[in-house]
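So you can see what is in the structure, the chains are spelled out below.
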Amino acid sequence: MTKEPNILLHTYPWHQDQWHQVSQMMRQKRLPHALIIGGVPGLGKLTFAKRLAAALLCQQGERSDACGQCKSCQLLAAHSHPDFKLMQPEELGKAILVDQVRNIQHAMATTAQQGGARVVIINGAADLNLNAANALLKQLEEPGDNSFFLLLHQWPKMLLPTVRSRCQLLDIIIPRPEQALSWLEEQLPEDEKNPRAAAEKLIALANGGPLKALQLHASKAHELRHQMLVQLTAILRGNASTLEVAQSWHKQPLEQMLNWWIEWINDLIKLKMTGNTAHLANPDIIKLLQAVAQRSSIKAMYRLLHRLTEQLSFINQRRNLNNQLVCEELLHQWYLLVRSDTSL
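For the structure given in this document, a descriptive report is provided here. (Residues numbered from 1 in each chain as written. Predicted model: local features only at pLDDT ≥ 70, side-chain atom pairs only at ≥ 80, totals over all residues. Heavy atoms only, no water.)

Take the pairing of strand β2 (residues 84-87) next. Moving residue by residue along a regular strand, the side chains alternate between the two faces of the sheet. Pairing geometry for β2 and strand β3 (residues 118-123), over four bridges, is parallel. Opposite K85, over in β3, you have V120 as the bridge partner. In terms of handedness, the path from β2 via helix α4 (residues 98-108) over to β3 forms a crossover that is right-handed. (Pairing = 2+ DSSP bridges. Helix = DSSP H or I, 4+ residues; strand = E, 2+ residues; numbered from the N terminus. Right-handed = clockwise from strand over helix to strand, strands pointing away.)

What follows is the structure in structure tokens.
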């Protein structure tokens, strides 16, 4: 009978270097009380943090990993450990509120019920609203003995400087291309016709995050990206209006779409300035980029890039945006990129 894998020890191959780093810190008793675990989406930062929490809570003495067998490990595996707290937005896309932080403060003020460490994972440090972040600061400054805060930070979201200054940073590095591709190929369905080609395209779309790439595959994001390019081309040709496209976009995952669009504008700027296609991040749309570059000014490109990054920042800050109006404005600037649509 095959033994079930220990969920407390679950990890990914690209975590090895960072795990070695924190293992050494634990053995030498110099792990900081507040650690920001950062990186692009899709690197398994929460999995890494849970493994670290398990190791800190484990009752088996001087270990650098959880044993998976002691009472503490069993409680954690059953999601009932009294000295472990996971704080994250109550709803997807919402902020972490001050009352959630206050509840954590109350729990951290009491003696550890299992007699060891107390660990809090904050899944989305950039999702703390201002009041919640301010409430957390005192806890970070005076954490108490054997108390640890593991804050997960997802690039490119902004983290409040006051929070960042009280923590030590540990970035999960994007895996090497071959490592990421080999792992992703194994996860793709067996009926995938060309898994290596599919994996390469997905990794590129996910900015190197293997788990994000797998999520994009499951959600058929490549189809959304293709449709987005078709509609942008139609606008430049005059075959679709900005209003029509904005109406179809505003209910889509706008954050992902803006990230793609920013990549395309960056490629467009590279092409306009150098004329070299060798280092473009999106070689599959070279013809479109070349056509737009011939008819556009560098100032217009930078103007659109500024508005795209600004709107993406507003989304990351959880501002209450009218997505359709945002799309209309950005699409209108896209239309104005070219002086004439006759050759497109």
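Further remarks concern the sheet that holds strand β5 (residues 168-171). Pairing within the open sheet is parallel, and its five strands lie in the order β2-β3-β4-β1-β5. Single-partner strands in this sheet number two, and they are β2 and β5. Taking each pair of neighbouring strands and ignoring which way they run, the sheet shows an average axis angle of 20°. (Axes fitted to C-alpha atoms, helices over the stretch in contact; angles between N-to-C directions.)

Now for unusual backbone geometry. With the exception of glycine, most residues fall at negative phi, and the peptide bonds are largely trans. A positive phi angle, near 60°, is found at H79, a position not held by glycine. Mapped onto the fold, H79 is located in the loop between α3 (71-77) and β2. Even without being a glycine, K220 presents a positive backbone phi close to 55°. Inspection of the secondary structure puts K220 in the loop between α9 (210-218) and α10 (221-237).

Another point: the pattern of salt bridges. This structure, assessed with the given rule, holds 10 salt bridges. E185 is the partner of R196 in a salt bridge, and the nearest nitrogen-oxygen pair spans 2.6 Å. Taken together, the residues span a long stretch of sequence, with R196 in helix α8 (residues 195-205) and E185 in helix α7 (residues 177-187) at a distance of 11 residues. Here R225 and D284 are joined by a salt bridge, their closest N and O atoms 2.8 Å apart. With R225 in helix α10 and D284 in the loop between α12 (254-274) and α13 (286-295), this residue pair connects regions lying 59 residues apart in the sequence. Under the relative-accessibility criterion, R225 is labelled buried at 8%. (Salt bridge = Lys/Arg side-chain N within 4 Å of Asp/Glu carboxyl O. Buried < 20%, exposed > 50% of the residue type's maximum accessible area, 1.4 Å probe, protein only.)

The next subject is the packing of α7 against α8. Contact geometry of α7 with α8 gives a least axis separation of 9 Å together with a crossing angle of 120°. When the axis of α7 is compared with that of α8, the two are oblique. Between α7 and α8 lies a crossing whose hand is right-handed. Residues E178, A180, L181, S182, L184 and E185 of α7 pack against P195, R196, A199, E200, L202 and I203 of α8. The residue inventory of the contact of α7 with α8, partitioned by class, reads seven nonpolar, one polar and four charged. (Parallel < 35°, antiparallel > 145°, perpendicular 65-115°, else oblique. Left-handed = near helix turned anticlockwise from the far one by under 90°. Contact = heavy atoms within 4.5 Å. Nonpolar A, V, L, I, M, F, W, Y, C, P; charged D, E, K, R; others polar.)

Quick look at the packing of helix α11 (residues 242-249) against helix α15 (residues 323-336) now. It is at 8 Å that the axes of α11 and α15 come closest, and there the two elements cross at 140°. Taken together, the axis directions place α11 and α15 in an arrangement best described as oblique. You can see that α11 and α15 cross each other, and the crossing is right-handed. In contact with T242, L243, V245, A246, Q247 and W249 of α11, α15 contributes Q324, C327, E328, L331, H332 and Y335. Class assignment for the residues of the contact of α11 with α15 results in seven nonpolar, four polar and one charged.

Once that is clear, we can look at the environment of N322. Inspection of the secondary structure puts N322 in the loop between α14 (298-316) and α15. The exposure class of N322 is partly exposed, given its relative accessible area of 44%. Separated by 72 residues in sequence, N322 and H250 have C-alpha atoms that sit 8.4 Å apart.

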